[in-house]
Amino acid sequence: MLLAHQTQPRSPNAMIRDAAVKVAEAIDALSENGFTVVKVELDMPARPTIRIQTCAHCHRLISNGDAVYYSYGQQDHFGPYREGQFQLGGCRVVWLEMGH
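Residues numbered from 1 in each chain as written. Predicted model: local features only at pLDDT ≥ 70, side-chain atom pairs only at ≥ 80, totals over all residues. Heavy atoms only, no water.

Draft legend 1. Spotlight on the packing of aromatic side chains. One pass over the full model with this rule turns up four aromatic pairs. Ring centres of phenylalanine 35 and phenylalanine 86 lie 6.0 Å apart, and the angle between their planes is 45°; this geometry places the pair in the tilted category. In this pair, phenylalanine 35 sits in the loop between helix 1 (12-32) and strand 1 (37-41) while phenylalanine 86 sits in strand 4 (residues 79-88), placing the two residues 51 residues apart along the sequence. Each of the two residues, phenylalanine 35 as well as phenylalanine 86, counts as buried. Relative to tryptophan 95, the ring of tyrosine 69 has its centre 6.5 Å away and its plane inclined at 65°; by these criteria the two rings are edge-to-face. Of the two residues, tyrosine 69 is situated in strand 3 (residues 68-75) and tryptophan 95 in strand 5 (residues 91-98); the sequence distance between them amounts to 26 residues. Here the two residues tyrosine 69 and tryptophan 95 agree in accessibility, since each one is buried. (Phe/Tyr/Trp six-rings, centres within 6.5 Å; stacked < 30°, edge-to-face > 60°. Helix = DSSP H or I, 4+ residues; strand = E, 2+ residues; numbered from the N terminus. Buried < 20%, exposed > 50% of the residue type's maximum accessible area, 1.4 Å probe, protein only.)

Spelled out as structure tokens, the structure:
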């Protein structure tokens, strides 16, 4: 017996639509603050990921503690790299820095 207060599971389409709305709002905010978006990933059920170009704003966010580096490594042809991230409007915003 289904209880009246239970809701139906959300459809994948509804989850993608809601994620797309979050992404659109986050891209607007990023644009207003001078960031350049280069890619969006809507893999479900994880939160959307927005990839941006690295810039001086990214370094300020790290310095202020509003963003963190979460990945470091070494690539054969490109040398050392690190990836930074911060959260914005239910989205994960990430960037890649090469040569650090």
